[in-house]
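Spelled out from the first residue to the last, the chains are:
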Amino acid sequence: MTVRVRLWNEFWHERHNPEVRKVYPEGIHEVLAPALRAHGLEVRTATLEDPEHGLDEAALAATDVLLWWGHKQHEAVADRVVERVAARVHAGMGLVVLHSGHFSKIFRRLMGTPCTVNWRVATDTERMWVVKPEHPICEGLGRYLEIPREEMYGEVFEVPEPEELLMISWFTGGEVFRSALTWTRGRGKIFYFRPGHETYPTYRIAAVQAVIARGCRWAAPRGEGGAPPQNQRREPIERLP
Ligand code: ZN
């Protein structure tokens, strides 16, 4: 099955912060897009500065899974676009939210909770322990996935109880974090995956790219069902007394 991914990147740090530009001169989206294509996904990119942030009705109608990276410009995302994306998720589009996307408008809108975390940018190693090895997203990871340098996120992650907890991260500084989680909202599947701070080359790690690719495949809507019949006022099917 062809999965049509729209990879959305705020694309702000890479243009305004020299430290980030050194790590991702082409932009995070231009690193991840070819990697995901190599995993067999159909990928189009979109950024904040595109008209309608690249997420107009036609673009979303042609999207099976929306992948989201944002951080500094969460508030610059138009509410009407957030509502449009939320409606598409409710109708069945998958959503994969990366790293600081935990505080994006769309993620908070769909979770309904503050979505805050503890954090620290230092010299932590992140060891992501796989707690559901049978899940398709965790395929081939073994016991854990280790990232040499990452930003620390610590509990409590203020999200609703996940439907599936796939990985728990441990950081050198001693904290832990639920770092790969799934939910369903309406007909749409949501996957949150923690790593990916902009000053570390995390998205160049093959195992990380593979998890994101499998997450997109997992979140894609199944079958050819199409739009369900609309809910509205109806005449009775049987003759009423
Ligand atoms: Zn970060």
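Refer to the structure above for everything that follows.
A.B. asks: Explain the overall build of the chain here, please?
C.D. replies: Looking only at helices and strands, the chain features seven helices and eleven strands. Relative to its length of 241 residues, the chain is compact, with a C-alpha radius of gyration of 18 Å against a globular reference of 18 Å. Counting only C-alpha atoms and orienting by the principal axes, one finds that the chain spans roughly 75 × 40 × 35 Å. In the chain, of all internal contacts separated by at least 6 residues, the share reaching a separation of at least 24 is 71%.

A.B. asks: Could you clarify how one ought to interpret the coordination of the zinc ion in this entry?
C.D. replies: Octahedral metal centres with six donors ideally show angles of 90 or 180 degrees, and tetrahedral centres with four donors ideally show 109.5 degrees. At the metal site, the zinc ion is ligated by His-99 (NE2), Glu-151 (OE) and His-197 (ND1), and these contacts range over 2.0 to 2.1 Å. Donor residues for the zinc ion sit on one chain with the sequence pattern H-x51-E-x45-H. With a gap of 98 residues between them, His-99 in the loop between strand S4 (94-98) and helix H6 (105-111) and His-197 in the loop between strand S11 (188-193) and helix H7 (206-219) connect regions that are remote in the sequence. A relative accessible area of 1% places His-99 in the buried class.

A.B. asks: What am I meant to see in the nonpolar core here?
C.D. replies: As a rule of thumb, soluble globular proteins bury nonpolar side chains together. Formed by 38 residues in total, the largest nonpolar core has its most connected members in Leu-67, Leu-98, Met-167, Phe-191, Phe-193, Tyr-203 and Ile-212. Ranked by residue count, the leading element in this core is H7, at seven residues. Leave out the neighbours within four places in its chain, and Phe-193 touches Val-97, Leu-98, His-99, Met-128, Leu-145, Met-167, Ser-179, Ala-180, Val-208, Val-211 and Ile-212. Counting residues in each nonpolar core, the second largest holds 33 residues, with Trp-68, Ala-86, Leu-95 and Tyr-192 among its members.

A.B. asks: Looking at this model, I keep getting lost on the pattern of salt bridges. Mind explaining?
C.D. replies: Opposite charge on two side chains allows them to pair when their charged atoms are near. Within this structure, the stated rule accounts for 17 salt bridges. Glu-49 is the salt-bridge partner of Arg-15, the closest N and O atoms lying 3.3 Å from each other. With Arg-15 in helix H1 (residues 13-16) and Glu-49 in the loop between strand S2 (42-47) and helix H4 (57-61), this residue pair connects regions lying 34 residues apart in the sequence. Residue classification places Glu-49 among the exposed positions, given a relative accessible area of 62%. Across the pair Arg-44 and Glu-42 runs a salt bridge, and its minimum N-O distance is 3.3 Å. Shared partners join several salt bridges into a network, and the residues in it are Glu-52, Arg-80 and Arg-84.

A.B. asks: How should helix H5 (residues 79-90) be read in this particular structure?
C.D. replies: Because each turn of an α-helix spans 3.6 residues, side chains separated by three or four positions end up pointing in the same direction. Taking 1.5 Å per residue as the helical rise, H5 with its twelve residues ought to reach 16 Å, and the 16 Å between its terminal C-alpha atoms agrees with that figure. The complete set of buried residues in H5 reads Val-81, Val-82, Arg-84, Val-85, Ala-86 and Val-89. If you follow the buried residues of H5, they end up packed against H4, strand S3 (65-69), S4, H6, strand S10 (176-185) and S11. Downstream of H5 by a residue or two, Gly-92 has a phi angle that is positive, lying close to 130°.

Cut-offs applied
- Residues numbered from 1 in each chain as written.
- Predicted model: local features only at pLDDT ≥ 70, side-chain atom pairs only at ≥ 80, totals over all residues.
- Heavy atoms only, no water.
- Helix = DSSP H or I, 4+ residues; strand = E, 2+ residues; numbered from the N terminus.
- Rg over C-alpha atoms; globule rule 2.2 N^0.38 Å.
- Contact = heavy atoms within 4.5 Å.
- Donors = N, O, S within 2.8 Å, 3.2 Å for Na, K, Ca; no water.
- Buried < 20%, exposed > 50% of the residue type's maximum accessible area, 1.4 Å probe, protein only.
- Core = buried A, V, L, I, M, F, W, Y, C linked by side-chain atoms within 4.5 Å.
- Salt bridge = Lys/Arg side-chain N within 4 Å of Asp/Glu carboxyl O.
- Expected span 1.5 Å × (residues − 1).

Worth remembering: the numbers are spatial, not functional.
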